[in-house]
Amino acid sequence: MTDWIGETFRSEAGWSHLETLVDLGNRMAGSEGERRAAEATRDALADVGARNAHLESFDVQGWERGHAAIHAGDTTQDCIALPRSPSAEATGPLVDAAHGLPEDFEALAADPDVDLDGAVVVAATNVPDWYDRFVHRREKYYRAVEAGAAAFVFHNHVEGCLAPTGSVGTGADPIGEIPAVGVSKEVGDRLLRRWPGEPVTVAVEAAVSDATSQNVHADLGPDTDEAVLLTSHVDAHDIAEGAGDNGAGTAIVVEIAKALAAREADLDTRVHVVCFGAEEVGLCGSSYDSEQRDPSEVKAVLNNDGNGRARDLRFVTNGFDGLERAVETVADRLDHPLGTVPTLGPNSDHWSYVKWGVPGYQVVSETGDEGRGWGHTRADTLDKLDSRDVREQAIVLTELAVELASDEVVVERRESEAIAAQLEDEDLAEGMRVIGDWPY
């Protein structure tokens, strides 16, 4: 075992690929930069020994940002359009929806002094520690839409003059219904201090077109029908390098592939690498792949999205006991601390398979940040990351991939009805219905 561990800890394959990705510039879904990132990832996988590395294209809704602004009083406040915002302008009274929780909208609806119909609604990017679940940006947006809002302002909770990004829209209707922008904590605080209840104008210019994205595929190990899917996403938001989200995840996949190529004799089951396109605009690449793939031939999904940003790893196991056992086995074998979370995580590419009962992880780093931290801002840059974390996590995840591929390891599938019931129990179902993401 020690030979491959030492080689992986000395390897530069993953970090070198991460540098390639961040230096490409814009990797927005459907862009030329995303295509070049996919091509570079295909070539990197081939270079480290994966076989049959190739691209598979699919159609997506293209979106390109233009100018965006908030006009308040006689001032113009800095903002950025949220991807898939319509190109539109709207004016209305500024209303603070706090964290954008369901209870926040209920309280505003019950307040006789507030009218959400025609309002410009402001909601924070974070969820308070005391709240029992994560409330996604799109849920906040569509709760504003349902309340009749004219525009939506996404207010960063992180200091540093960083406007947040993140897509709106649904799979059925990829372009949102009302203009949506992100503002920094400082701009959001200023708006709410100076112009509460006053008319403000949100203006967004954006171009919408048909576009093409692509998934990157490659194989390792024996040529079995059943496969463990080793995944990440290649695309990133256009305002930053996308180093942490998700250049690091893809870099770690390349490093894992290199280690597995040296350990192919240890693999009982094929490991199929898929680096998805267009994750950031609605899990488009994984949705496309899951529709083409026989779910009975997927043994497990090991999805790297959010790891590499800090040393310690957390595995979202989505209620699969067998996945938790596999992590515990690897942690004991390597004498390495690994955390698990049994709850469902419907906001990354593993979900395209998990929702139908296929065992799947999301692998993330324990950053200690509230919310996304630097993610989805201009500050998601390479200097925030450490090459040692990339290599060390690749070692752990290589061992986990081999464990999952073992004939001796069986991870029981779950019925879709059980997944749906867990979504209800974890209070996630209502928000998914509001967004239009309820699959059952």
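Figured I'd write up the structure that's included with this text.

The rules behind each value
Residues numbered from 1 in each chain as written. Predicted model: local features only at pLDDT ≥ 70, side-chain atom pairs only at ≥ 80, totals over all residues. Heavy atoms only, no water. Helix = DSSP H or I, 4+ residues; strand = E, 2+ residues; numbered from the N terminus. Buried < 20%, exposed > 50% of the residue type's maximum accessible area, 1.4 Å probe, protein only. Expected span 1.5 Å × (residues − 1). Salt bridge = Lys/Arg side-chain N within 4 Å of Asp/Glu carboxyl O. Pairing = 2+ DSSP bridges. Disulfide = S-S within 2.5 Å. Axes fitted to C-alpha atoms, helices over the stretch in contact; angles between N-to-C directions. Parallel < 35°, antiparallel > 145°, perpendicular 65-115°, else oblique. Left-handed = near helix turned anticlockwise from the far one by under 90°. Contact = heavy atoms within 4.5 Å. Nonpolar A, V, L, I, M, F, W, Y, C, P; charged D, E, K, R; others polar. Phe/Tyr/Trp six-rings, centres within 6.5 Å; stacked < 30°, edge-to-face > 60°. Lys NZ or Arg CZ within 6 Å of the ring centre and 35° of its normal.

## Some points on unusual backbone geometry
And step 1. A cis amide bond, omega 5°, links Asp-245 with the succeeding residue Asn-246.
And step 2. Note that Asn-246 resides in helix H7 (residues 243-262).
And step 3. Unlike most non-glycine residues, Arg-84 shows phi in positive territory, near 75°.
And step 4. Following the sequence through the fold, Arg-84 ends up in the loop between strand S3 (80-81) and strand S4 (88-96).
And step 5. A positive phi angle is found at His-376, which is not glycine, with a value near 60°.
And step 6. Position of His-376 among the secondary structure elements: in the loop between strand S14 (360-365) and helix H11 (387-405).
And step 7. A relative accessible area of 4% places His-376 in the buried class.

## Notes on H11
And step 1. In this model, H11 (19 residues) spans 27 Å end to end at C-alpha, consistent with the 27 Å of a helix rising 1.5 Å per residue.
And step 2. Extensive coverage of H11 is indicated by the burial of 17 of its 19 residues.

## What about the pattern of salt bridges?
And step 1. Scanning the model with the defined rule gives 23 salt bridges in all.
And step 2. In this structure, Glu-39 and Arg-35 form a salt bridge, with 3.4 Å as the shortest nitrogen-oxygen distance. With Glu-39 and Arg-35 both in helix H3 (residues 32-47), this residue pair falls four residues apart, about one helical turn.
And step 3. The partner of Asp-238 in a salt bridge is Arg-65, and the shortest N-O contact between them spans 2.8 Å. Of this pair, Asp-238 sits in the loop between strand S9 (227-233) and H7 while Arg-65 is found in strand S1 (residues 51-72), placing the two residues 173 residues apart along the sequence.
And step 4. Judged by relative accessible area, which is 22%, Arg-65 ranks as partly exposed.
And step 5. Here the salt bridges share partners, and the residues they tie into one network are Arg-133, Glu-139, Arg-143, Asp-427 and Glu-430.

## A closer look at the pairing of strand S8 (residues 199-220)
And step 1. With 18 bridges joining them, S1 and S8 adopt antiparallel strand pairing. Across the sheet, residue Ser-57 finds its bridge partner in S8, namely Gln-214.
And step 2. Relative to strand S10 (residues 270-276), S8 runs antiparallel, the two sharing five bridges. Looking across to S10, one finds that Val-216 is bridged to Cys-275.

## A few points about the state of the cysteines
And step 1. Using the criterion set out here, one finds zero disulfides in the structure.
And step 2. With no disulfide of its own, Cys-275 has Cys-284 as its nearest cysteine by sulfur position, at a separation of 17 Å.

## Things to note about helix H9 (residues 321-334)
And step 1. Taking 1.5 Å of rise per residue, 14 residues should cover 20 Å, and H9 covers 20 Å from first to last C-alpha, within 8% of that figure.
And step 2. Regarding H9, the residues found buried are Gly-322, Leu-323, Ala-326, Val-327, Val-330 and Ala-331.
And step 3. At the exit of H9 stands Asp-335, carrying a positive phi of roughly 50°.

## Notes on the packing of helix H2 (residues 13-23) against H3
And step 1. Two elements in contact, H2 and H3, have axes separated by 10 Å at closest approach and are oriented at 165°. Between H2 and H3, the angle falls in the class roughly antiparallel. Seen along the crossing, H2 lies across H3 with a hand that is right-handed. Across from His-17, Thr-20 and Leu-21 in H2, the residues of H3 making contact are Ala-37, Ala-40, Thr-41 and Ala-44.
And step 2. When the residues that make up the contact of H2 with H3 are grouped by side-chain class, the tally is four nonpolar, three polar and no charged.

## Structural notes on the packing of aromatic side chains
And step 1. Per the counting criterion, the structure on display carries nine aromatic pairs.
And step 2. Here Tyr-141 and Phe-152 contribute two aromatic rings whose centre-to-centre distance is 5.6 Å and whose plane-to-plane angle is 90°, an arrangement assigned as edge-to-face. One end of the pair, Tyr-141, is in helix H5 (residues 137-146); the other, Phe-152, is in strand S6 (residues 151-155), and eleven residues separate them in sequence. The pair formed by Tyr-141 and Phe-152 is uniform in burial state, with each residue classed as buried.
And step 3. One aromatic cluster in this structure is built from Tyr-141, Tyr-142, Phe-152 and Phe-154.
And step 4. Against the face of Trp-374 rests Lys-384, its NZ or CZ located 5.1 Å from the ring centre.
And step 5. In this structure, Arg-433 is placed above the aromatic ring of Trp-438, and the distance from its NZ or CZ to the ring centre is 4.2 Å.

## Brief notes about the environment of Asp-312
And step 1. Tracing the backbone through its elements, the reader meets Asp-312 in the loop between strand S11 (298-304) and strand S12 (313-316).
And step 2. Under the relative-accessibility criterion, Asp-312 is labelled partly exposed at 40%.
And step 3. Counting along the chain gives 120 residues from Asp-312 to Met-432, while the straight-line C-alpha distance between them is 30 Å.
And step 4. Among residues more than four places away in sequence, those in contact with Asp-312 are Val-364, Ser-365 and Glu-366.

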